[in-house]
Amino acid sequence: MSEKTTEMATLEGAPIFPLLVKYSLPAIAGMVAFSLYNVVDSIFIGQWIGADALAAIAIAFPVMNLTFALGTLVGIGGAAVTSIRLGEKKLGAALAVLGNVLLMSLALGVGFGWGTNAFLAPILRAFGAGENTLEPAYDFMRVILFGLPATFLFFNLNHVMRASGYPRKAMLSTIITVLVNVALAPLFIRGFGWGMRGAGAATVIAQLFGLVWILAHFLNPKSVLAFSRGIFRPSFEAMRSIVAIGLSPCLMNVCACVVVVVINRALLEHGGDVGVAAYGILSRVQILIAMIVIGITQGMQPIVGYNHGAGATGRVRETLRYGVIAGTAVTALGGLACVLLPHLISVQFTDDAALLAVSDEALSLSCLAFPLVGMQIVIGNFYQAIGHAKLAIFLSMTRQMLFLIPLLIAFPHFWGMRGVWLSFPVADFLAWALNVVLILVFLKSYSAVPADVAGTLARREKA
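Residues numbered from 1 in each chain as written. Predicted model: local features only at pLDDT ≥ 70, side-chain atom pairs only at ≥ 80, totals over all residues. Heavy atoms only, no water.

(A) Looking closely at the nonpolar core. The biggest cluster of nonpolar side chains holds 135 residues, and the ones touching the most others in it are L157, F218, L225, F382 and W421. Top contributing element to this core by residue count: helix α3 (residues 51–87), with 16 residues. Dropping the residues within four chain positions of it, F218 is found in contact with L98, L157, V160, M161, L225, A226 and F227. (Core = buried A, V, L, I, M, F, W, Y, C linked by side-chain atoms within 4.5 Å. Buried < 20%, exposed > 50% of the residue type's maximum accessible area, 1.4 Å probe, protein only. Helix = DSSP H or I, 4+ residues; strand = E, 2+ residues; numbered from the N terminus. Contact = heavy atoms within 4.5 Å.)

What follows is the structure in structure tokens.
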């Protein structure tokens, strides 16, 4: 049996729980490694450059969210469409998706990354950069934006590699990047004295190493999907499908950009740069926890997408159930750690007494409803995996635009900086309630396996 046949047979026939473990663990390992790098990088910046540099990272976060939004538009969309096309046994269409993911990544990386660099300083000022934070934020983001074509190629092709049945290789590409990054960051930041420019350079160079590994995979003709002549022609159908599904995570990150701007401005008004720096710590910790859940959803995505394309809705529902349980468990443990042990977390980033006090309060209040976030992440990614873009877009907008922004505007008028932190758990609860209602309604109409598929599955089980 060929490598291609083996991978597809596994997705459509193996028991769901061990299959989810097989696909999720490498994804979780990769995401945790990547998130730990971000945390360690923030620790390097906070301890070696200072609290203003941590605030600068928080100021630059909206720009980073915009770049991530464009990346997910292509990467997540391309991965979901790839899994669905493979489930439909349409190998040629899946190859067209691979080729167009590469073309779109290069075009967006050059256009957005290099174009934004020309207006970076005024953009950062608009996002709240002041006298102490503009220069470090500018130094960091200028390098990141210059390397954006490589960043997009690395992340987006890695998503497609995972979706086509190679979770371990996708994990290894991330780990390679993290190891190179962690090795270079101290040398560039402190050893060479490059400061924030060094942090950015270490990130871009590390992604180039990971990209080489990924390109080697797609150049291997034995891979399920491999580079070949003719797949790099622009295809309207492939691009339309990629954008239709990728639009949800893209809009979610655009909304996150708007939310971070509102947060930073509220914190600057009620807490100054110390408040913004505390949010920098809070966001790094929450992202670390959320990335574990995203690793679970990345493991779910090829299973859900392939079996949805094959019409095996029972396997899709079972995968969703395990994903919700696992995601909720992760955010519950992470939320409890932030609420009960905030100082133990904060002190890893800084020894500044004022920043520690604010960061402790931020962690303990903002994460009160964080256990509910895991289910939201899983359900949102589930809709993307089965191609229900409208539902995914709606849910990605509600938590941030419908709930969080109004709370961020209202609460600080009553409770100052504390009102910013309290906005998070209230928004998380409201978004969770909406997710529960909508997924229950959706699953009522997503239960029957088509007769032809049921017969196929029955024959396979007997065989």
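(B) Up close: unusual backbone geometry. Non-glycine residue K89 carries a positive phi angle of around 65°. K89 sits in the exposed class, given a relative accessible area of 55%.

(C) Highlighting the layout of surface pockets. Approximately 200 Å³ is the volume found for the largest pocket. Lining the largest pocket, in full, are R317, L320, R321, V324, M375, I379, V436, I439, L440 and L443. Among the residues making up the lining of the largest pocket, the classes are represented as eight nonpolar, no polar and two charged. By volume, the second largest pocket is sized at about 150 Å³. Forming the walls of the second largest pocket are L36, V39, V285, L288, I289, I292, I345, Q348 and F349. Where the lining of the second largest pocket is concerned, the elements lending two or more residues are α2 (16–48) and α11 (272–310). At four residues, the largest contribution of residues to the lining of the second largest pocket is made by α11. Tallied by class, residues from the lining of the second largest pocket come to eight nonpolar, one polar and no charged. (1 Å grid on protein atoms, 1.4 Å probe; cavity = no way out; pocket = protein on both sides within 12 Å on 5 of 7 lines; lining within 4 Å. Points joined across faces, edges and corners; volume = space filled by probe spheres on them. Nonpolar A, V, L, I, M, F, W, Y, C, P; charged D, E, K, R; others polar.)

(D) View of the environment of M161. Along the chain, the position of M161 falls in helix α7 (residues 148–163). With relative accessibility at 0%, the residue M161 sits in the buried group. In this structure, the C-alpha to C-alpha distance between M161 and P342, residues 181 residues apart in sequence, is 38 Å. Excluding its chain neighbours within four sequence positions, the residues that come into contact with M161 are Y166, K169, A170, S173, W213, I214, H217 and F218.

(E) Region of interest: the side chain of S223. Of note, S223 is situated in the loop between α9 (195–218) and α10 (236–270). In terms of polar contacts, S223 uses its side chain to reach the backbone carbonyl oxygen of H217, at 2.8 Å. (Polar contact = N/O pair within 3.5 Å; in protein donor to acceptor, adjacent residues only side chain to side chain.)

(F) Region of interest: a nonpolar patch on the surface. Residues V254, V258, M397 and M401 make up a contiguous nonpolar surface patch of about 260 Å² in total accessible area. Among the elements of the structure, α10 and α16 (389–415) are those that each provide at least two residues to the nonpolar patch. Mapped onto the secondary structure, V258 falls in helix α10. Residue V258 is classed as partly exposed on the basis of its relative accessible area of 35%. (Patch = residues over 30% accessible without salt bridge, like charges linked within 9 Å, V, L, I, M, F, W, Y side chains within 5 Å. Areas by Shrake-Rupley, 256 points an atom, 1.4 Å probe, with all protein chains shown as cover. Salt bridge = Lys/Arg side-chain N within 4 Å of Asp/Glu carboxyl O.)

(G) Structural detail: the pattern of salt bridges. On inspection of all chains with the given rule, the structure shows five salt bridges. Close ionic contact of R197 with D139 constitutes a salt bridge, the shortest N to O distance being 3.6 Å. You can see R197 sitting in helix α9 and its partner D139 sitting in helix α6 (residues 134–146), a full 58 residues away along the chain. Relative accessible area serves as the criterion here: at 43%, R197 is assigned to the partly exposed category. Taking the shortest distance from any N to any O, the salt bridge between E361 and R418 comes out at 2.6 Å. With E361 in helix α14 (residues 353–366) and R418 in helix α17 (residues 417–444), the pair connects residues that are 57 residues apart, well separated along the chain. Judged by its relative accessible area of 22%, E361 is partly exposed. On the accessibility criterion, R418 (45% relative accessible area) is partly exposed. A network of salt bridges, in which partner residues are shared, links R85, E88 and K90.

(H) Geometry of the environment of V260. By secondary structure assignment, the location of V260 is in helix α10. Apart from residues no more than four positions distant in its own chain, V260 is found in contact with A58, F61, P62, N65 and Y279.

(I) Layout of empty space enclosed by the protein. What the rule picks out here adds up to two cavities of 30 Å³ or more. Here the second largest cavity defines a volume of roughly 30 Å³. Every residue lining the second largest cavity is listed: I57, A58, F61, G280, S283 and R284. Every element with two or more residues in the lining of the second largest cavity is listed here: α3 and α11. Considered class by class, the residues forming the lining of the second largest cavity number three nonpolar, two polar and one charged.

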